[in-house]
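One-letter residues, chain by chain:
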Amino acid sequence: MDLPIISRARRHGGAPAVEDHEGTWSYGELLAASAGIAEQLLGAAADLAEARVGLAIPAGGLHVAAQWGIWRAGGVVVPLSQAATAAELEQFLADVRPACILATGAPRPEVVAAAGSLGIPIVHLARETLPAARGLVLPAIAAGRRAMILCTSGTTSRPKGVVSTHAGLSAQITSLIEAWRWSAADRIPLFLPLYHIHGIVNVMSSCLWAGGRLDAFSRFDAAAILDRVAAGRYTLFMAVPTIYGRLVEAIAGLPDDARQAAVAGFSALRLAVSGSAALPASLHARWHQLTGQQLLERYGMTEIGMALSHPYDGERRAGTVGVPLPGVEVRLVDDAGGVVSGTDASGEIQVRGPGVFLEYWGQPEATRDSFTEGWFRTGDVAVLERGQYRILGRRSVDIIKSGGYKLSALEIEAALLDHPAIRGCAVVGVPDDEWGEAVAVAAVLEPGETLDAQTLRGWCRERLSPYKIPRRVVVVDSLPQNALGKTSKPAVRALFTGGT
Ligand code: MCA
Ligand code: AMP
């Protein structure tokens, strides 16, 4: 039996599915291309039996065909970051050990280097030379099988692989289809990275599940996107707060006619969604003032998909993230382990439901520790206020959200501590108007050493993705300590914010 996303695509046959720099792909073309890719991956095998396959293809029809092809052959999709350094990729690839990596054109040198050092073959695909399907019978894929592994940073210095099953992804998608009323009439731009749930599930997979049309951009380009919005191409829009902030600025910089057209395009959307990081109330208000649209804010996580959302109809109160999505159970648990009842008391958000991930790849202990009584512990703290959840913050000071990306302070610290001039350091997230939080580091140097911010950033650039590079650097004689003699991260943060 076909996977649901495949059987649904069959219903839309000749309808346009994806528009990218190479033109339009219909649902029928995606199905044919994915069958050919599946057969090529299978070779003489009947089923890839959950072999991992890396995906390093930019957003577009070929990316979708490759993703579906891997699934149809029984493989597990491992999307690769388009920003990662060779060292980061090598660490992740060594962990998940893909059988091969699907790429197109000239793959990023970082991918070539990492794959080369681990002996992982790169399979090149191009639209014009895709293998034609011979009509072989593809394996039946049970819903409980592994489908995807995403790399996520957290409270450990090494990122983890989050494993989702086909059933889990289907549950995440159908919840959004119902709550946000996706239909085949929907048209949406895709400019978010395709190695996170936001771009993969909320935008790409939900759109294709519904039979809608996706405009794929290789990256976020405000001018190109505003042009299409102004042309009235879209019914839906999904982005992180940093992008809405940039759009406000870009619209303000347009000549009168273009500005009016862009605003009219946004005003005509049936829905605009913000998430991945807190949407400042001021930006919610600014967007409303500009477009007449109330942004719908939602809350999710790689491990669970989307959990909370403002209602489609009903109050979209700034500063809150709404109510549980269909199929998702949410509870708040206080520090003593008690379930918070009633309102106005805070607790950790815990989530249960069919969309929750299966496991951290190869880390049974970390998987076990992240659940309690069958509930996933998100590490985010919230309060239920007048019927809607409001996020108060995170339990761990070591998780930073910058421009929608989740970063681990510990991972950045580990890279910095390798520098011979650095004796100690503490990385924190500090409030930032553009990025939500910006990465900041306080460093203690070895006696007699000097290190300027530019050199420190250069060191990081060779080892870490660009968005992990500290934006603010201060050299101190010693790191502030708490009563237990450990580095006090709140006090480190105060070095940058001036607070105490
Ligand atoms: C780029 N830079 C960043 C970030 N992005 N620095 C900090 N934080 C970032 N997020 C760096 C660039 O490397 C560059 O550094 C400098 O900032 C300016 O780059 P620019 O070209 O202006 O940025 P950009 O390439 O246009 O990217 C900005 C962006 C991007 C479009 C906002 O960050 C983005 O797509 N964010 C969305 C991420 C996302 O989808 N997150 C969802 C994951 P230099 O000048 O030094 O070279 S969360 C998720 O999936 C969960 C489930 C959920 O709830 O959604
Ligand atoms: P990720 O691990 O990249 O999937 O990021 C998930 C984290 O993003 C969550 O644990 C939250 O801390 C944060 N997040 C997602 N959506 C929101 C939101 N609407 N408001 C505040 N934080 C959010």
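Residues numbered from 1 in each chain as written. Chains lettered and ligands numbered in written order. Predicted model: local features only at pLDDT ≥ 70, side-chain atom pairs only at ≥ 80, totals over all residues. Heavy atoms only, no water.

### Brief notes about the sheet that holds strand S9 (residues 187–190)
No. 1: Taken in spatial order, the four strands of this open sheet run S2-S1-S10-S9, and their pairing is mixed. Of all strands in the sheet, those bounded by a partner on one side alone are strand S2 (23–26) and S9. With direction set aside, neighbouring strand axes in the sheet form an average angle of 20 degrees.
No. 2: Judged from the four bridges that link them, strand S1 (residues 16–20) and S2 form a sheet pairing that is antiparallel. Bridge pairing links Pro-16 to Ser-26 in S2.
No. 3: Docked against the sheet, helix H7 (residues 197–210) engages S1, S9 and strand S10 (213–216), running at close to 145 degrees with respect to S9. (Pairing = 2+ DSSP bridges. Helix = DSSP H or I, 4+ residues; strand = E, 2+ residues; numbered from the N terminus. Axes fitted to C-alpha atoms, helices over the stretch in contact; angles between N-to-C directions. Contact = heavy atoms within 4.5 Å.)

### Here we look at the pairing of strand S13 (residues 296–301)
No. 1: With five of its six residues buried, S13 lies for the most part within the structure.
No. 2: Pairing geometry for strand S12 (residues 271–274) and S13, over two bridges, is parallel. Among the inter-strand pairings, Val-273 is bridged to a residue of S13, identified as Leu-296.
No. 3: The handedness of the S12 to S13 crossover, carried by helix H11 (residues 281–291), is right-handed.
No. 4: Here S13 runs beside strand S14 (residues 305–309); their pairing, made up of four bridges, is antiparallel. Along S14, the bridge assignment pairs Tyr-299 with Leu-308.
No. 5: In sequence, S13 turns back onto S14 through a hairpin of three residues. (Buried < 20%, exposed > 50% of the residue type's maximum accessible area, 1.4 Å probe, protein only. Right-handed = clockwise from strand over helix to strand, strands pointing away.)

### Digging into the nonpolar core
No. 1: Counting residues in each nonpolar core, the largest one holds 112 residues, and the members touching the most others are Trp-68, Leu-102, Trp-180 and Phe-237.
No. 2: The leading source of residues in this core is H7, at nine residues.
No. 3: If sequence neighbours within four positions are ignored, Trp-68 has contacts with Ile-5, Ile-6, Ala-9, Tyr-27, Leu-30, Leu-31, Ser-34 and Leu-208.
No. 4: Among the nonpolar cores identified, the runner-up in size contains 22 residues, and Leu-407, Ile-422, Val-441 and Cys-460 belong to it. (Core = buried A, V, L, I, M, F, W, Y, C linked by side-chain atoms within 4.5 Å.)

### Structural notes on the site of ligand 1
No. 1: Of all residues adjacent to ligand 1, which total 27 residues, the nearest are Arg-246, Ser-276, Arg-298, Ser-402 and Arg-471.
No. 2: Between ligand 1 and Arg-246 there is a distance of 2.9 Å, counted from an oxygen atom to a side-chain nitrogen or oxygen.
No. 3: Contact between ligand 1 and Arg-298: an oxygen atom at 2.7 Å from a side-chain N or O atom of the residue.
No. 4: Burial of ligand 1 by the surrounding chains reaches 77%, relative to a free accessible area of 1000 Å². (Near = heavy atom within 4 Å. Polar contact = N/O pair within 3.5 Å; in protein donor to acceptor, adjacent residues only side chain to side chain. Areas by Shrake-Rupley, 256 points an atom, 1.4 Å probe, with all protein chains shown as cover.)

### Focus: the pairing of strand S8 (residues 160–165)
No. 1: Across the six residues that make up S8, a large majority, six, are buried.
No. 2: Residues Lys-160, Val-162 and Ser-164 line one face of S8 and the alternating positions Gly-161, Val-163 and Thr-165 line the opposite face, and both faces are buried.
No. 3: Where S8 meets strand S18 (residues 359–360), two bridges bridge the pair, whose relative direction is antiparallel. Looking at S18, one finds that Val-162 is bridged to Tyr-360.

### Examining the pattern of salt bridges
No. 1: Scanning all chains against the criterion turns up 29 salt bridges.
No. 2: Close ionic contact of Arg-395 with Glu-348 constitutes a salt bridge, the shortest N to O distance being 4.0 Å. Within this pair, whereas Arg-395 is found in the loop between strand S21 (388–394) and strand S22 (399–402), its partner Glu-348 is found in strand S17 (residues 346–352), the two being separated by 47 residues in sequence.
No. 3: Classification of Arg-395 by relative accessible area gives partly exposed; the value is 46%.
No. 4: Note on Glu-348: relative accessible area 6%, which makes it buried. (Salt bridge = Lys/Arg side-chain N within 4 Å of Asp/Glu carboxyl O.)

### Examining the sheet that holds S14
No. 1: Read from one edge of the open sheet, five strands run S11-S12-S13-S14-S15, paired in mixed fashion. Strands with a single pairing partner mark the edges of an open sheet, and in this sheet they are strand S11 (236–239) and strand S15 (323–324).
No. 2: Sitting on the sheet, H7 touches S11, S13 and S14, and the angle it makes with S11 is about 165 degrees.

### Observations concerning the packing of aromatic side chains
Pairs of aromatic rings are described using the distance from one ring centre to the other and the angle between the two planes.
No. 1: Under the defined criterion, the tally for this structure stands at twelve aromatic pairs.
No. 2: Within the aromatic cluster, the residues linked to one another by ring pairs are Phe-191, Phe-220, Phe-237, Tyr-244, Phe-266 and Trp-287.
No. 3: The ring of Tyr-312 is capped by Arg-316, whose NZ or CZ atom sits 5.9 Å from the centre of that ring. (Phe/Tyr/Trp six-rings, centres within 6.5 Å; stacked < 30°, edge-to-face > 60°. Lys NZ or Arg CZ within 6 Å of the ring centre and 35° of its normal.)

### Some points on the site of ligand 2
No. 1: Near ligand 2 lie 15 residues; those nearest to it are Arg-298, Thr-302, Asp-380, Lys-401 and Lys-406.
No. 2: At a separation of 2.6 Å, an oxygen atom of ligand 2 approaches a polar side-chain atom of Thr-302.
No. 3: For ligand 2, the protein covers 93% of the area, taking 500 Å² as the surface of the free molecule.
No. 4: A per-element tally of the shell around ligand 2 places S13 first, with five residues.
No. 5: Here the shell around ligand 2 is built from residues that sort into five nonpolar, four polar and six charged. (Nonpolar A, V, L, I, M, F, W, Y, C, P; charged D, E, K, R; others polar.)

### Focus on the environment of Ala-262
No. 1: Looking at where Ala-262 falls in the secondary structure, it is placed in helix H10 (residues 256–267).
No. 2: Judged by its relative accessible area of 1%, Ala-262 is buried.

### Overview of the packing of H10 against H11
The relative placement of two packed helices comes down to the angle between their axes together with the axis-to-axis distance.
No. 1: Two elements in contact, H10 and H11, have axes whose closest approach is 9 Å; the angle formed by their N-to-C orientations is 105 degrees. Relative to H11, the element H10 is oriented roughly perpendicular. Between H10 and H11, the contacting residues are Val-263, Phe-266 and Ser-267 on the first element and Trp-287, Leu-290 and Thr-291 on the second.
No. 2: A per-class count over the contact of H10 with H11 returns four nonpolar, two polar and no charged. (Parallel < 35°, antiparallel > 145°, perpendicular 65-115°, else oblique.)

### Focus on the state of the cysteines
No. 1: One pass over the structure, following the stated rule, counts zero disulfides.
No. 2: Cysteine Cys-100 is unpaired, with the sulfur of Cys-151 as its nearest cysteine sulfur at 19 Å.
No. 3: Here Cys-151 stays free of any disulfide, with the sulfur of Cys-460 as its closest cysteine sulfur at 17 Å.
No. 4: Judged by relative accessible area, which is 29%, Cys-151 ranks as partly exposed. (Disulfide = S-S within 2.5 Å.)

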